[in-house]
Amino acid sequence: MANRKYIVGNWKMNGLHAQLTDIADIAAIAANQKGADVGICPPVTLIAAAAEANPDFAIGAQDCHSSESGAHTGCLSTAMLKEAGASYSILGHSERRADQQESDADVKAKAESVHAAGLGAIICVGETEEERDAGQAIDIVTVQLARSFPAGASADWLTIAYEPVWAIGTGRVPETSDVAEMHAAIRAKLAELMGQGSDAVRILYGGSMNGNNAEELLAVPNVDGGLVGGASLTAAKFGPIIEAAAT
Ligand code: PGA
C-alpha cells in the first residue's frame, strides 16, 4: 500500500516575523487538503510564534545538537526546540554537511537525540554531481543512509529525504527514472537496516520541486512526498505542491 504523502517546507535562512502570515496561509491550505501531511521548518527564531499561531500545523526545526545541554555556543538542544513548539527536525541537510562539516556519525547521533526527546526526524542524503557523473550515486547514498541511520528507527518518527545536491536550488531535477531507481535502492537499504516496518518509512524527494513538476515526481514509485526549499516560501508557490500531494 502506498504511504500517505508528506510535504515539508525547508525555509533555510529565510523568514522574519513578517513572513508568519505566509505560514498561516500555508497552514490554512494544509488544513483543507486532508489527503497529505504538511509541515514547515522555519528558521528557529520563528518556531515559537509559528507554532503558537498555528497549533494544528506541524512546525519543525532545520537542525539540532545531539547533546542535552552544555558548552556548545550557538547550538540548540532537542528540548529547546520541543519547548519552542517544533515536533520534528530536518537533519543532515547537504548544506549542513558541506558548510558545517556534519558527518554521518553526527547525523546519526542527532537523530537518536531527537527520538529520545519524542520528536520526529527527517534525515537527508544525496550525491553530488561529480558522484553521479562517476556512476557512484547509489553507492554514495546508500552508504550515507546506513552510516547516518539511528538505532531504534521506526516509521512513526523517521523519514528519509533523498536530495541530489546538484538539484537543490538549481532548477534542475533528475529524470524520473533516476528518482525511481534511487528511491527503490533506499527502500531496499531500509529493509536491510530495519527489517519489518521499513515499507512504512516515508522517502521524500527534494531538489527544485515546484508546482509544475510535483505531480510527476510524486507519482514515482517509492516517492512518498517532498522536501521543498524555494517553492515553500509562499502559499502561492507551495499550495500547488500540497494539492498535488493530497489528490
Ligand atoms: P530547493 O531546496 O527546493 O530550493 O531546491 C530543497 C532543499 O534543499 O531541501
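Before going into details, it helps to say that this report is about the structure given with it. Since the model is a prediction, treat every value here as computed from it, not as a measurement. (Residues numbered from 1 in each chain as written. Predicted model: local features only at pLDDT ≥ 70, side-chain atom pairs only at ≥ 80, totals over all residues. Heavy atoms only, no water.)

Another aspect to go through is helix α2 (residues 44–53). Among the residues making up α2, those that are buried are L46, I47, A50 and A51. Buried positions in α2, seen along its axis, are confined to an arc of 130° and lie on one side of it. Of the exposed residues in α2, the ones pointing more than 90 degrees away from its buried face are T45, E52 and A53. On its buried face, α2 is in contact with α1 (20–32), β3 (58–59) and α3 (78–84). (Buried < 20%, exposed > 50% of the residue type's maximum accessible area, 1.4 Å probe, protein only. Helix = DSSP H or I, 4+ residues; strand = E, 2+ residues; numbered from the N terminus. Arc of directions from axis to C-beta. Contact = heavy atoms within 4.5 Å.)

Let us now look at the packing of helix α7 (residues 137–148) against helix α8 (residues 176–194). Where α7 meets α8, the closest approach of the two axes is 10 Å, and the angle between their N-to-C directions is 35°. The interaxial crossing formed by α7 with α8 has right-handed handedness. Contact residues: α7 offers A137, I138, V141, T142, L145 and A146, while α8 offers E181, M182, A185, I186, K189, L190 and L193. Partitioned by chemical class, the residues of the contact of α7 with α8 number 10 nonpolar, one polar and two charged. (Axes fitted to C-alpha atoms, helices over the stretch in contact; angles between N-to-C directions. Left-handed = near helix turned anticlockwise from the far one by under 90°. Nonpolar A, V, L, I, M, F, W, Y, C, P; charged D, E, K, R; others polar.)

Turning our eyes to something else, we now look at the packing of aromatic side chains. This model, assessed by the stated rule, comprises one aromatic pair. Judged by centre distance (6.3 Å) and plane angle (65°), the ring pair of Y162 and Y205 falls under edge-to-face. Taken together, the positions of Y162 in strand β6 (residues 158–162) and Y205 in strand β7 (residues 202–206) put the pair 43 residues apart, joining distant regions of the chain. Of the two residues examined, Y162 and Y205, each falls in the buried class. (Phe/Tyr/Trp six-rings, centres within 6.5 Å; stacked < 30°, edge-to-face > 60°.)

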